[in-house]
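This is what each chain is made of:
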Amino acid sequence: MGGNRTFTMIKPDAMGNACAGKIIDHIINNGFTLKAMKLVHLSKEQASEFYAVHKERPFYSGLVDFMSSGPIIAAVLEGENAVESFRTLIGATNPEEADEGTIRKLYAEDIGRNAVHGSDSDENAGIEAGFFFSAFEQV
Ligand code: IDP
Ligand code: MG
């Protein structure tokens, strides 16, 4: 079983659709606790750095443009087996393939504008949380 922390972002599409509050409710109602939270507008440089692992992928420049197009909410979440259980809660990357009731099924527009980010490993959860929050900002 994995660790008890993961990292999420509410992406610009969900912020612009007034869905951020509903998504935060959904996360908390499914047993996660907020350990840090911040509203930020990433620069293109910051979004490029955050998603650098995808820089060879054809969707990279569109992803960077999208993620720097408006504010996001970044948050650290605590919950049992957090990385895996949060990815189950958000659903598949492509909302057309996401299970009913998942956050992406409910709120995402398409594979590019897919409402939320969820870390894919304990290691990346720590790295991604550190991108936005210092240790003392995480309760
Ligand atoms: P994940 O967010 O479900 O972990 P990743 O494969 O890590 O998915 O991709 C990171 C983000 O890049 C996705 O959430 C999505 O916003 C975007 N993305 C991934 N694949 C595509 C694609 O084929 N077209 C457009 N955007 C994509
Ligand atoms: Mg990913």
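Residues numbered from 1 in each chain as written. Chains lettered and ligands numbered in written order. Predicted model: local features only at pLDDT ≥ 70, side-chain atom pairs only at ≥ 80, totals over all residues. Heavy atoms only, no water.

**Q** Quick question: what am I supposed to make of the sheet that holds strand E3 (residues 72-78) here?
**A** Backbone hydrogen bonds hold the strands of a sheet together, and the pairing may be parallel or antiparallel. Spatial ordering of the open sheet is given by E2-E3-E1-E4, a layout of four strands whose pairing is antiparallel. Either end of the sheet is taken by a strand with one partner, and the two such strands are strand E2 (33-40) and strand E4 (116-118). Geometrically, the sheet is characterised by an average inter-axis angle of 15° between neighbouring strands, direction not taken into account. (Pairing = 2+ DSSP bridges. Helix = DSSP H or I, 4+ residues; strand = E, 2+ residues; numbered from the N terminus. Axes fitted to C-alpha atoms, helices over the stretch in contact; angles between N-to-C directions.)

**Q** Is there a simple way to explain the environment of Leu39 in this structure?
**A** By the element assignment, Leu39 lies in strand E2. It is 6.6 Å that separates the C-alpha atoms of Leu39 and Pro71, two residues lying 32 residues apart in sequence. The contact partners of Leu39, leaving out residues within four places of it in the chain, are Met15, Pro71, Ile72 and Ile73. (Contact = heavy atoms within 4.5 Å.)

**Q** Is there a simple way to think about the site of ligand 1 in this case?
**A** The environment of ligand 1 is made up of Lys11, His54, Phe59, Leu63, Arg87, Thr93, Arg104, Ile111, Gly112 and Asn114. Between ligand 1 and Lys11 there is a distance of 3.0 Å, counted from an oxygen atom to a side-chain nitrogen or oxygen. Calculation on ligand 1 without its partners gives an accessible area of 530 Å², and the protein chains cover 77% of this total. Taken together, the residues that form the shell around ligand 1 break down as three nonpolar, four polar and three charged. (Near = heavy atom within 4 Å. Polar contact = N/O pair within 3.5 Å; in protein donor to acceptor, adjacent residues only side chain to side chain. Areas by Shrake-Rupley, 256 points an atom, 1.4 Å probe, with all protein chains shown as cover. Nonpolar A, V, L, I, M, F, W, Y, C, P; charged D, E, K, R; others polar.)

**Q** Explain the side chain of Ser119 to me, please; I cannot follow it from the model alone.
**A** Within the element layout of this structure, Ser119 appears in the loop between E4 and helix H7 (122-132). Its relative accessible area of 0% is what places Ser119 among the buried residues. A distance of 2.6 Å separates polar atoms of two side chains, one belonging to Ser119 and the other to Glu128. Setting aside its immediate chain neighbours within four residues, Ser119 contacts Thr6, Phe7, Val83, Arg87, Asn124, Ala125 and Glu128. (Buried < 20%, exposed > 50% of the residue type's maximum accessible area, 1.4 Å probe, protein only.)

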